[in-house]
Structure formats: structure tokens, C-alpha cells
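In case you want the letters, here they are:
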Amino acid sequence: PLAVDILLIDEASMLSLPMMQALFCALDPHSQLLLLGDANQLSAVESGTPFADLLQLAGQENNVLSGCAIKLTQQWRANAALSGAAQDAARDHREP
């Protein structure tokens, strides 16, 4: 098993069904799994759309995933002010 407290996966829409199954089987039952991605963007090369399926379940009521998804409505990547502030902060905290 993966001995981690939290596992964060970016671009989770690219996970295929076999890959997601292997991930769940390898993950410790006490670990937290955070999946980031856009179900309307990159899709898995292999079969299945488990990320989109999980998002659909999270949007429904009365199941274990109800309310577990957060949908962002603001795109921060293209925000020049925020990007500049992040670059400044990274530069200021570098060791000499």
C-alpha cells in the first residue's frame, strides 16, 4: 500500500478506470485522496471516465460522495496580479 497521509493527483481526468482501480487498491484506507482536474478537458487514453463519474456522484444527494466536490468558478492562472505576487513570494523566500 501507499504509505501516505494525503495523496494529491492533478489532471485526474486523465486517470483511466484501470489506473483508478489500481490507485484505490494501493491506497491505505486511512489516507485522504484529493483529485484535481477538469472533467471537460483532458481524458484518459485508456477506457473509462472515473473522475467524471465521481464528480457526477458528488453532485447527487444521499451517497457517500455527496458534497465532496468543489467547483472553481474563477480562473487564477491567468490572473497577472496573483501570478506576479506568487513569483515575488517565491523569490523572497529562496535561500541565498
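Above this text is the structure in question.
Residues numbered from 1 in each chain as written. Predicted model: local features only at pLDDT ≥ 70, side-chain atom pairs only at ≥ 80, totals over all residues. Heavy atoms only, no water.

A word on the overall build of the protein chain. Along the protein chain, the regular secondary structure elements total 3 helices and 2 strands. Considering only contacts within the protein chain whose residues lie at least 6 apart along the sequence, 60% involve residues at least 24 apart. Surface exposure of the protein chain reaches about 7,800 Å², of which carbon and sulfur atoms provide 57%. (Helix = DSSP H or I, 4+ residues; strand = E, 2+ residues; numbered from the N terminus. Contact = heavy atoms within 4.5 Å. Areas by Shrake-Rupley, 256 points an atom, 1.4 Å probe, with all protein chains shown as cover.)

We now examine the layout of surface pockets. Of the voids in this model, the largest pocket is the one considered here, and its volume is about 1,400 Å³. Looking at the largest pocket, it is lined by 27 residues, and the ones nearest its centre are Leu-35, Leu-36, Gly-37, Phe-51 and Ile-70. Elements with a contribution of two residues or more to the lining of the largest pocket: strand S2 (32–35) and helix H2 (50–58). Take the lining of the largest pocket: its biggest share by element is 4 residues, from H2. (1 Å grid on protein atoms, 1.4 Å probe; cavity = no way out; pocket = protein on both sides within 12 Å on 5 of 7 lines; lining within 4 Å. Points joined across faces, edges and corners; volume = space filled by probe spheres on them.)

Quick look at the side chain of Ser-31 now. Counting through the fold element by element, Ser-31 comes out in the loop between helix H1 (17–26) and S2. The buried category is assigned to Ser-31, whose relative accessible area is 13%. Excluding its chain neighbours within four sequence positions, the residues that come into contact with Ser-31 are Leu-2, Val-4 and Asp-5. (Buried < 20%, exposed > 50% of the residue type's maximum accessible area, 1.4 Å probe, protein only.)

When two helices pack together, their arrangement is given by the angle between the helix axes and the distance between those axes. Look at H1 against H2: their axes get within 9 Å of each other, and the N-to-C directions meet at 70°. With respect to H2, the axis of H1 lies roughly perpendicular. For the pair H1 and H2, the contacting residues are Leu-17, Met-20 and Phe-24 in the first and Pro-50, Phe-51 and Leu-54 in the second. Residue composition of the contact of H1 with H2, by class: 6 nonpolar, no polar and no charged. (Axes fitted to C-alpha atoms, helices over the stretch in contact; angles between N-to-C directions. Parallel < 35°, antiparallel > 145°, perpendicular 65-115°, else oblique. Nonpolar A, V, L, I, M, F, W, Y, C, P; charged D, E, K, R; others polar.)

Moving on to H2. For H2, the complete set of buried residues consists of Pro-50, Phe-51 and Ala-58. Looking straight down H2, one finds that the buried residues subtend no more than 100° of arc, so they occupy a single side. Those residues of H2 hidden inside the fold are in contact with H1 and S2. (Arc of directions from axis to C-beta.)

The side-chain alternation of strand S1 (residues 6–9) yields one buried face, formed by Leu-7 and Ile-9, and one unburied face, formed by Ile-6 and Leu-8. Relative to S2, S1 is paired through 4 bridges, and the arrangement is parallel. Residue Ile-6 lies in a different strand from S2, and its bridge partner there is Gln-32. A crossover links S1 with its parallel partner S2, the connecting element being H1, and its sense is right-handed. (Pairing = 2+ DSSP bridges. Right-handed = clockwise from strand over helix to strand, strands pointing away.)

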